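Letter by letter, the chains look like this.
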Amino acid sequence: MTTITPPDGSGRRTPPWLTRVGRVLTAVELTLGVLALLLIFGLVLVQAGQRYLPIDGWPWSGELARFCLVWLTFVLAGVLVTRDSHISIEMIDLVPGDLLRRVVRVASCLIVALIGVGLCAEAWELVQTQDMLKSPAMRMPMSWLYGLSMVGFVSVVVRSLIAAVDYAVHGVPEPEYDDLADHEMPTA
């Protein structure tokens, strides 16, 4: 796991209001993610118990568990972008020269934001057109599935753009590799 800390240890110079808004949004997204995870856990336990009981099962429980997995994945995507925990190639962090690292990080954030805009547009289209479709067991409008996923896509776009501006203005902090703390980093 890689954590990024500024070289001077002073922290990022983001405006206090933006920090507060980010914390609140992160707390809301994490709460939604935890609720989805707990619901998945409970529904899977119910499904396992239903197999051994002489009663009819609830077909909607498996469907809701699958929907919760989708919501969990997409709602927490923005949190991963903010914490720099999303899938990324970290080899650029080993390249000497702040300018190249800064350009690559800003470009990667802009690409993530662009992909997020495309996902937002598609989710919006699905919300608008799929309202007539209902899920088979719960009869839930499918637009609800895409609407909650769109919240995560919007979060990815906003957080990626904030990160791009942050990297462009303040630079890229030196990475701190927890698993290599006792060893020297290789140099070219």
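Residues numbered from 1 in each chain as written. Predicted model: local features only at pLDDT ≥ 70, side-chain atom pairs only at ≥ 80, totals over all residues. Heavy atoms only, no water.

1. Focus: the overall build of the chain
Turning to step 1, where the next piece is worked out: The secondary structure content of the chain amounts to five helices and two strands.
Turning to step 2, where the next piece is worked out: Ordering the α and β elements of the chain from the N terminus gives β-α-α-α-α-α-β.
Turning to step 3, where the next piece is worked out: Relative to all contacts within the chain whose residues are 6 or more apart in sequence, the contacts with residues 24 or more apart total 77%.
Turning to step 4, where the next piece is worked out: Surface summary for the chain: the accessible area is close to 12,200 Å², and the carbon and sulfur share equals 70%. (Helix = DSSP H or I, 4+ residues; strand = E, 2+ residues; numbered from the N terminus. Contact = heavy atoms within 4.5 Å. Areas by Shrake-Rupley, 256 points an atom, 1.4 Å probe, with all protein chains shown as cover.)

2. Notes on helix H5 (residues 142-170)
Turning to step 1, where the next piece is worked out: Helix length check: H5, at 29 residues, gives a terminal C-alpha distance of 42 Å against a target of 42 Å (1.5 Å per residue), a fit within 8%.
Turning to step 2, where the next piece is worked out: Positioned one or two residues after H5, Gly171 has a phi angle of 85°, which is positive. (Expected span 1.5 Å × (residues − 1).)

3. Brief notes about the nonpolar core
Turning to step 1, where the next piece is worked out: One finds Leu64, Phe67, Cys68, Trp71, Leu72, Met140 and Leu145 to be the most contacted residues of the largest nonpolar core, which totals 14 residues.
Turning to step 2, where the next piece is worked out: Sorting the residues of this core by element identifies helix H1 (16-51), helix H2 (59-75) and H5 as the ones contributing at least two each.
Turning to step 3, where the next piece is worked out: The element best represented in this core is H2, accounting for six residues.
Turning to step 4, where the next piece is worked out: Once residues within four sequence positions are removed from consideration, Leu72 is found in contact with Gly33, Ala36, Leu37 and Ile40.
Turning to step 5, where the next piece is worked out: Counting six residues, the second largest nonpolar core, distinct from the first, contains Cys109, Ala163, Ala164 and Tyr167. (Core = buried A, V, L, I, M, F, W, Y, C linked by side-chain atoms within 4.5 Å. Buried < 20%, exposed > 50% of the residue type's maximum accessible area, 1.4 Å probe, protein only.)

4. A closer look at the packing of helix H4 (residues 98-129) against H5
Turning to step 1, where the next piece is worked out: Interhelical geometry of H4 versus H5 gives an angle of 160° and a closest axis separation of 8 Å. Considered as vectors, H4 and H5 are oriented roughly antiparallel to each other. Here H4 runs over H5; the crossing is left-handed.
Turning to step 2, where the next piece is worked out: Grouping the constituent residues of the contact of H4 with H5 by class yields 24 nonpolar, five polar and two charged. (Axes fitted to C-alpha atoms, helices over the stretch in contact; angles between N-to-C directions. Parallel < 35°, antiparallel > 145°, perpendicular 65-115°, else oblique. Left-handed = near helix turned anticlockwise from the far one by under 90°. Nonpolar A, V, L, I, M, F, W, Y, C, P; charged D, E, K, R; others polar.)

5. Description of the packing of aromatic side chains
Turning to step 1, where the next piece is worked out: Across all of its chains, the model carries three aromatic pairs by this definition.
Turning to step 2, where the next piece is worked out: Each ring, one from Phe67 and one from Trp71, has its centre 6.3 Å from the other, and the planes form 45°; the classification is tilted. Taken together, the positions of Phe67 and Trp71, both in helix H2 and four residues apart, correspond to about one turn of that helix. Comparing Phe67 with Trp71, the two get one shared label, buried. (Phe/Tyr/Trp six-rings, centres within 6.5 Å; stacked < 30°, edge-to-face > 60°.)

6. What about a nonpolar patch on the surface?
Turning to step 1, where the next piece is worked out: Together, Val24, Val28, Leu32 and Leu35 make up an exposed nonpolar region whose accessible area comes to about 340 Å².
Turning to step 2, where the next piece is worked out: Tracing the backbone through its elements, the reader meets Val24 in helix H1.
Turning to step 3, where the next piece is worked out: You can call Val24 exposed: its relative accessible area is 51%. (Patch = residues over 30% accessible without salt bridge, like charges linked within 9 Å, V, L, I, M, F, W, Y side chains within 5 Å. Salt bridge = Lys/Arg side-chain N within 4 Å of Asp/Glu carboxyl O.)

7. With respect to H2
Turning to step 1, where the next piece is worked out: Here H2 contains 17 residues, and its C-alpha end-to-end distance of 25 Å stays within 8% of the 24 Å for a straight helix at 1.5 Å per residue.
Turning to step 2, where the next piece is worked out: Considering only its buried residues, H2 is in contact with H1, helix H3 (77-82) and H5.

8. What about the confidence of the model for the chain?
Turning to step 1, where the next piece is worked out: Per-residue pLDDT for the chain has a mean of 82; in total, 82% of the residues score no lower than 70.
Turning to step 2, where the next piece is worked out: Ranking the elements of the chain by mean pLDDT puts strand S1 (residues 2-4) last, at 41, and H4 first, at 92.
Turning to step 3, where the next piece is worked out: Within the model, the stretch residues 1-10 combines pLDDT values under 50 with 21 contacts to residues more than four positions away or in other chains. (pLDDT = per-residue confidence, 0-100.)

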